[in-house]
Every structure is written in C-alpha cells, then in structure tokens.
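Secondary and tertiary structure notes
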Amino acid sequence: VVKIKQGEVRQGEVLSFRGHTTNFKQAADSMQIDHKPIQVATKGDELGIRVKSRVRAGDLVYKV
C-alpha cells in the first residue's frame, strides 16, 4: 500500500522503490483502491500497486 503525499500517479508511470534493502524501478501497471482498478491516484489516496519485488514498510516510492 502506498500513500500519495504530493502530486499524482498515473497508471503506466515509472516508479522507483527505495529502502534499506530495496532498490528497483518499475511501471505502475496495476493500481487499485479498495480492490477497484484505477487510472489516477491523487494526494491523500492510499492505493495498492502490484510490484515485481519485495517492498517493506518504511520504503519510499518516487516518480521517475
């Protein structure tokens, strides 16, 4: 689950996942809020993003 703190995230945009043991980039191909697919997430939304690798609590997510 990712909480958007500023701006917006659109489906297909490349995101960078960074943390103590996490460091990878991938496109946001599958995004959901309350198990419903969405195209755009805006500030304040909490959404689920399907990722190819493990992401841990406290890791940060950036738009590339």
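As shown above, the structure is provided for reference.
In this text the structure is predicted, and so the values were computed from the model without any measurement. (Residues numbered from 1 in each chain as written. Predicted model: local features only at pLDDT ≥ 70, side-chain atom pairs only at ≥ 80, totals over all residues. Heavy atoms only, no water.)

**Considering the sheet that holds strand β4 (residues 23-27)**
An order of β4-β3-β9 is seen for the 3 strands of this open sheet, with the pairing classed as antiparallel. Among the strands making up the open sheet, the edge pair consists of β4 and β9 (60-63). Here the average twist between neighbouring strands, direction ignored, is 25°. One ladder, built from 5 bridges, connects strand β3 (residues 14-18) with β4; its direction is antiparallel. Bridging from a neighbouring strand, valine 14 pairs with alanine 27 of β4. (Pairing = 2+ DSSP bridges. Helix = DSSP H or I, 4+ residues; strand = E, 2+ residues; numbered from the N terminus. Axes fitted to C-alpha atoms, helices over the stretch in contact; angles between N-to-C directions.)

**Section: the packing of aromatic side chains**
If you walk through the whole model with that rule in mind, you get 1 aromatic pair. Centroid distance phenylalanine 17 to phenylalanine 24: 4.9 Å. Interplanar angle 15°. Geometry classified as stacked. An identical accessibility class is assigned to phenylalanine 17 and phenylalanine 24; each is buried. (Phe/Tyr/Trp six-rings, centres within 6.5 Å; stacked < 30°, edge-to-face > 60°. Buried < 20%, exposed > 50% of the residue type's maximum accessible area, 1.4 Å probe, protein only.)

**Section: the layout of surface pockets**
A volume near 670 Å³ is recorded for the largest pocket. For the lining of the largest pocket, the secondary structure elements donating two or more residues are β1 (2-3), β2 (8-10), β3 and β9. Here the element with the most residues in the lining of the largest pocket is β9; it accounts for 4 residues. Class assignment for the residues of the lining of the largest pocket results in 13 nonpolar, 4 polar and 7 charged. (1 Å grid on protein atoms, 1.4 Å probe; cavity = no way out; pocket = protein on both sides within 12 Å on 5 of 7 lines; lining within 4 Å. Points joined across faces, edges and corners; volume = space filled by probe spheres on them. Nonpolar A, V, L, I, M, F, W, Y, C, P; charged D, E, K, R; others polar.)

**Examining the pattern of salt bridges**
Under the counting rule described, the total for this entry stands at 2 salt bridges. Ionic pairing is found between glutamate 8 and arginine 10, a salt bridge with its closest N-O pair at 3.0 Å. Judged by its relative accessible area of 40%, arginine 10 falls in the partly exposed class. As a salt-bridge pair, lysine 63 and glutamate 13 come within 3.6 Å of each other at their nearest N and O atoms. Of this pair, lysine 63 sits in strand β9 while glutamate 13 is found in the loop between β2 and β3, placing the two residues 50 residues apart along the sequence. According to the relative accessible area criterion, glutamate 13 is partly exposed, its value standing at 24%. (Salt bridge = Lys/Arg side-chain N within 4 Å of Asp/Glu carboxyl O.)

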